[in-house]
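# What the coordinates show
Chain residues, written in single-letter form:
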Amino acid sequence: MSYSVGQVSAFAGVTVRTLHHYDRAGLLSPSGRSGAGYRLYGDADLARLQQILFYRELGLSLDQIAEILKDPQANALEQLRSRLRQLGEEIGRLQRLAEVAEQAIEVQQTGVELTPAERFEVFGEIGFDLSYATEAQLKWQDSAGQKESMARAAAHTKEDWRQLMGEAAAWRVELLAAFDEGEPVDSERAMDLAEEHRLHIARWFTTCPPDMHRRIADDFAADPRAFALVVPPSQQRPGLAAYLCKAVHANAARRTDPEEES
């Protein structure tokens, strides 16, 4: 039985233009012609079209499909295995994107609603990098401390944010002074500043034991986006993030020193 190009287009769910393209590409040439010269497709042509559409649905290119159809036994298995690996990678990528999107929504919804003017008034130069905040949320999403921090941040009022940012600004002045004056990272002054930062986190966000504070400080040293949440770029100095990180580590060692606890 033979079918016109319009009939094949209708029951195969492809356009006439696509069928013409497959013909020009040598993928699917109709086995017959009508007396008027119109394309006519037979049952074998339809079976071949079904194969082409199956491979297209899998995302294979027309060149790859052509290679398979030349010798299905030799080429199909290798191409399908390769495509299966690609699909697995794509599924993983899409799952990660979905997680990032969900976390971004949570991060955007966290915190008090402020107008742009109020946000500048409260946060000043401290920027909010959504990409870093989202990555941090993904990294620590199973942490009880992260969950507590997100919940407490969401509950802060404008006045709470004003107070905590004021505390942070005052602490930052002292940190910059210690750094500019060459205070050693393991001095009492530097370690006390690190301890003040740890207590600030505990007071406003979540319990912050020394080991957690070390990990937070490591992020400051490794990621400029993280450090910008503590010291805005306009106030930063080369080496300042590493200085704070080392002071935090020194303070953590001091606080967990068995001789000091005895």
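Up top is the structure.
As a starting point, this report considers the structure included with it. (Residues numbered from 1 in each chain as written. Predicted model: local features only at pLDDT ≥ 70, side-chain atom pairs only at ≥ 80, totals over all residues. Heavy atoms only, no water.)

## Looking at the packing of helix α3 (residues 43–57) against helix α4 (residues 62–70)
If you want to describe how two helices pack, look at the angle between their axes and the distance between the axes. How we decide: Interaxial angles span 0 to 180 degrees and are taken between N-to-C directions of axes, which are lines fitted to C-alpha atoms, for helices over the stretch in contact. Helical segments are the DSSP runs of H or I of at least four residues, strand segments are the runs of E of at least two, and each set is numbered from the N terminus. Should an angle lie under 35 degrees it is considered roughly parallel, over 145 roughly antiparallel, and from 65 to 115 roughly perpendicular; all remaining angles are considered oblique. Note on convention: the crossing is left-handed when the near helix lies turned anticlockwise from the far helix by less than a right angle, right-handed when the turn is clockwise. Here, two residues are considered to be in contact whenever any of their heavy atoms come within 4.5 Å of each other. Gly is put with the polar residues, along with every residue not named as nonpolar or charged; the nonpolar set is Ala, Val, Leu, Ile, Met, Phe, Trp, Tyr, Cys and Pro, and the charged set is Asp, Glu, Lys and Arg.
Orientation of α3 relative to α4, taken along the N-to-C sense of each, is 135 degrees, at an axis distance of 10 Å. Put simply, α3 runs oblique to α4. Of the two possible hands of crossing, α3 and α4 adopt the one that is right-handed. For the pair formed by α3 and α4, the contact residues are Arg48, Gln51, Ile52, Tyr55 and Arg56 on the first element and Leu62, Ile65, Ile68 and Leu69 on the second. Residues that form the contact of α3 with α4 fall into these classes: 6 nonpolar, 1 polar and 2 charged.

## Let's talk about the sheet that holds strand β3 (residues 39–41)
Let me state the cut-off plainly: A pair of strands is treated as paired once DSSP finds two or more bridges between them.
Strand order in the open sheet formed by 3 strands is β1-β3-β2, with antiparallel pairing between adjacent strands. Because the sheet does not close on itself, it has two edges, and the strands there are β1 (3–4) and β2 (32–33). Across 2 bridges, β1 lies against β3 in antiparallel orientation. If you follow Tyr3 over to β3, its bridge partner there is Tyr41.

## Structural notes on the pattern of salt bridges
Where we set the bar: The term salt bridge refers to a pairing of a side-chain nitrogen on Lys or Arg with a carboxyl oxygen on Asp or Glu at a separation within 4 Å.
The full count for this structure, using the stated rule, is 14 salt bridges. Residue Glu167 is joined to Arg203 by a salt bridge in which the shortest nitrogen-to-oxygen separation is 3.1 Å. Here Glu167 is found in helix α9 (residues 158–180), whereas its partner Arg203 is found in helix α10 (residues 188–204), with 36 residues between them in sequence. Here Asp211 ties to Arg214 by a salt bridge, and the two come within 3.5 Å at their closest N and O atoms. Of the two residues, Asp211 and Arg214 are both situated in helix α11 (residues 210–222); the distance of 3 residues between them amounts to about one turn of the helix.

## Section: the packing of α10 against α11
At their nearest, the axes of α10 and α11 sit 11 Å apart, and the two run at 105 degrees to each other. Comparing the axis directions of α10 and α11 gives the class roughly perpendicular. Note on element contacts: α11 touches α10 through Pro210, His213, Ile216 and Phe220, opposite Ala194, His197, Arg198 and Ile201. The residue makeup of the contact of α10 with α11, split by class, is 5 nonpolar, 2 polar and 1 charged.

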